[in-house]
Amino acid sequence: MVTAIKSHPGRLADKVAVVTGSSAGIGRAIALAFAREGAKVVCSDLQPLATVDINDEAHVATHDAIMNEGGYSAFVKADVGEAHEVEELVHEAVEIFGRVDIFVNNAGIAIEIDEPSASGLGIAKTSVSVYDKTVKVNARGTFLGCKYAIAQMMRQEVGPSGDRGWIINISSIAGLVGCGGCPAYCSSKGATAELTKQVAVEYGPHKIHVNAICPGVINTAMVKPITTDDASTKQMIAAHPWGAFGEPKDVANAAVFLASEDAAFVTGVLLPVDGGYVAE
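First things first, this report covers the structure right here in the doc.

Rules and cut-offs
- Residues numbered from 1 in each chain as written.
- Predicted model: local features only at pLDDT ≥ 70, side-chain atom pairs only at ≥ 80, totals over all residues.
- Heavy atoms only, no water.
- Pairing = 2+ DSSP bridges.
- Helix = DSSP H or I, 4+ residues; strand = E, 2+ residues; numbered from the N terminus.
- Axes fitted to C-alpha atoms, helices over the stretch in contact; angles between N-to-C directions.
- 1 Å grid on protein atoms, 1.4 Å probe; cavity = no way out; pocket = protein on both sides within 12 Å on 5 of 7 lines; lining within 4 Å.
- Points joined across faces, edges and corners; volume = space filled by probe spheres on them.
- Nonpolar A, V, L, I, M, F, W, Y, C, P; charged D, E, K, R; others polar.
- Core = buried A, V, L, I, M, F, W, Y, C linked by side-chain atoms within 4.5 Å.
- Buried < 20%, exposed > 50% of the residue type's maximum accessible area, 1.4 Å probe, protein only.
- Contact = heavy atoms within 4.5 Å.
- Salt bridge = Lys/Arg side-chain N within 4 Å of Asp/Glu carboxyl O.
- Phe/Tyr/Trp six-rings, centres within 6.5 Å; stacked < 30°, edge-to-face > 60°.
- Lys NZ or Arg CZ within 6 Å of the ring centre and 35° of its normal.
- Right-handed = clockwise from strand over helix to strand, strands pointing away.

### Remarks on the sheet that holds strand S7 (residues 270–273)
Strand order in this open sheet of 7 strands is S3-S2-S1-S4-S5-S6-S7, and the pairing throughout is parallel. Edge positions in the sheet fall to strand S3 (73–77) and S7, since each has one partner strand and no second. When the angles between neighbouring strand axes are averaged without regard to direction, this sheet yields 20 degrees. Direction of pairing for strand S6 (residues 208–215) relative to S7: parallel, over a ladder of 4 bridges. Bridge assignment links Pro 215 to a residue of S7, and that residue is Val 273.

Following this line, the structure appears as structure tokens:
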């Protein structure tokens with residue numbers, strides 16, 4: 001069932017948002033939530049329609065789903081690990097909607113989870129190619145997104161609230177604590193977390209909010225390989241005091257808060273959305 005766009009303006013009314021990795025999972029949920037709060041959304045990914053998304057029964061591209069609900073959206077293809085493509089993504093967002101107020105660095109990969117040959121290995125057995133690919137998307141991609149989004153935010157007219165912009169990076173609990181078997185993923189998400197704090201400090205005086213969300217295990221296609229049987233699923237659930245996996249909407253709700261004026265005095269935060277995982 002399609003949920004209609006709210007009739008009131010919403011917390012993100014008149015803002016333009018770019019969401020990378022928007023075709024499935026967390027990125028899709030964030031893009032839809034932003035649109036339902038009034039934002040115009042530029043969806044970006046390697047392709048508009050995910051090949052696998054356990055939470056998408058309609059098989060409708062995210063930007064089409066937004067427009068079907070009466071919102072404003074467009075799709076721009078981009079590989080976040082390539083500087084010229086991220087720069088062009090920001091440029092096209094401005095061409096389409098006039099500015100960039102919100103940029104969500106969500107696109108990410110987890111080769112150590114997705115590929116059996118790379119799964120569960122210690123650093124001594126982790127291939128350099130797995131590390132390089134992971135860091136290119138997760139850490140370099142976040143760096144590039146911050147770089148080009150902030151350059152645009154510094155050029156454009158300040159919004160009515162006095163804020164220049166909002167950057168939201170998607171890190172992970174693996175960026176806050178050590179998780180066995182995934183040294184490449186942990187280091188890339190740790191880099192994302194630390195970059196968030198650095199950029200927040202540097203651009204706070206310019207009124208650009210820079211925060212990160214650190215999800216626990218969220219019910220998406222990305223975590224499906226580590227929950228293939230009852231034993232592994234129960235073990236993963238037991239690591240979360242809340243006693244359940246999160247859903248993409250849980251991360252999306254946090255992103256809406258961080259992108260809104262409700263978070264007027266919030267920057268440099270690493271916000272766990274993890275059912276208590278890192279509290280233990």
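### Overview of empty space enclosed by the protein
Considering all chains together, one arrives at 1 cavity of 30 Å³ or more under this definition. Taken as a whole, the largest cavity spans an internal volume of roughly 30 Å³. What lines the largest cavity is Thr 20, Val 80, Asn 105, Asn 106, Ala 107, Val 137, Gly 141 and Thr 142. By residue number, the principal contributor to the lining of the largest cavity is helix H5 (residues 128–155), which donates 3 residues. Grouping the constituent residues of the lining of the largest cavity by class yields 3 nonpolar, 5 polar and no charged.

### Description of the nonpolar core
Membership of the largest hydrophobic core comes to 31 residues, with the highest contact counts inside it found for Ile 30, Phe 34, Val 41, Ile 168 and Ile 213. With 8 residues, helix H1 (residues 25–36) is the largest single contributor of residues to this core. Here Val 41 is in contact with Ala 17, Val 19, Ala 31, Phe 34, Ala 35, Ile 66, Tyr 72, Ser 73, Ala 74 and Phe 97, once residues within four sequence places are set aside. Among the nonpolar cores identified, the runner-up in size contains 27 residues, and Leu 89, Val 90, Leu 144 and Ile 150 belong to it.

### Describing the pattern of salt bridges
Between side chains of opposite charge, pairing is possible as soon as their charged atoms come close. On inspection of all chains with the given rule, the structure shows 7 salt bridges. When the shortest N-O distance is used, the salt bridge between Glu 37 and Arg 11 registers 3.8 Å. Of this pair, Glu 37 sits in the loop between H1 and strand S2 (40–45) while Arg 11 sits in the segment before strand S1 (16–20); the two residues are 26 residues apart in sequence, bridging distant segments of the chain. Taking relative accessible area as the criterion, Glu 37 reaches 8% and is therefore assigned buried. A residue is classified by how much of its surface remains accessible, and Arg 11, at 38% relative accessible area, is partly exposed. As a salt-bridge pair, Glu 69 and Arg 36 come within 2.6 Å of each other at their nearest N and O atoms. One end of the pair, Glu 69, is in the loop between helix H2 (62–68) and S3; the other, Arg 36, is in helix H1, and 33 residues separate them in sequence. What makes Arg 36 partly exposed here is its relative accessible area of 26%. Where salt bridges share partners, they join Arg 11, Glu 37 and Asp 262 into one cluster.

### Quick notes on the packing of aromatic side chains
Aromatic ring pairs are defined here through the distance separating the ring centres and the angle between the ring planes. Tallying each qualifying case throughout the model produces 0 aromatic pairs. Above the plane of the ring of Tyr 72 lies Lys 40, whose end atom (NZ or CZ) is 5.8 Å from the centre. Lying across the ring of Tyr 148, Lys 147 places its NZ or CZ 5.4 Å from the centre.

### Observations regarding the pairing of S1
Across the 5 residues of S1, 5 count as buried, placing the element largely inside the fold. Every second residue of S1 is oriented toward a common face, with Val 16, Val 18 and Thr 20 on one face and Ala 17 and Val 19 on the other, all of them buried. As paired strands, S1 and S2 are joined by 5 bridges and run parallel to one another. Bridge pairing in S2 links Val 16 to Lys 40. Considered for its hand, the β-α-β crossover made up of S1, H1 and S2 is right-handed. Bridge count for S1 against strand S4 (residues 102–105) is 3 bridges, and the pairing is parallel.

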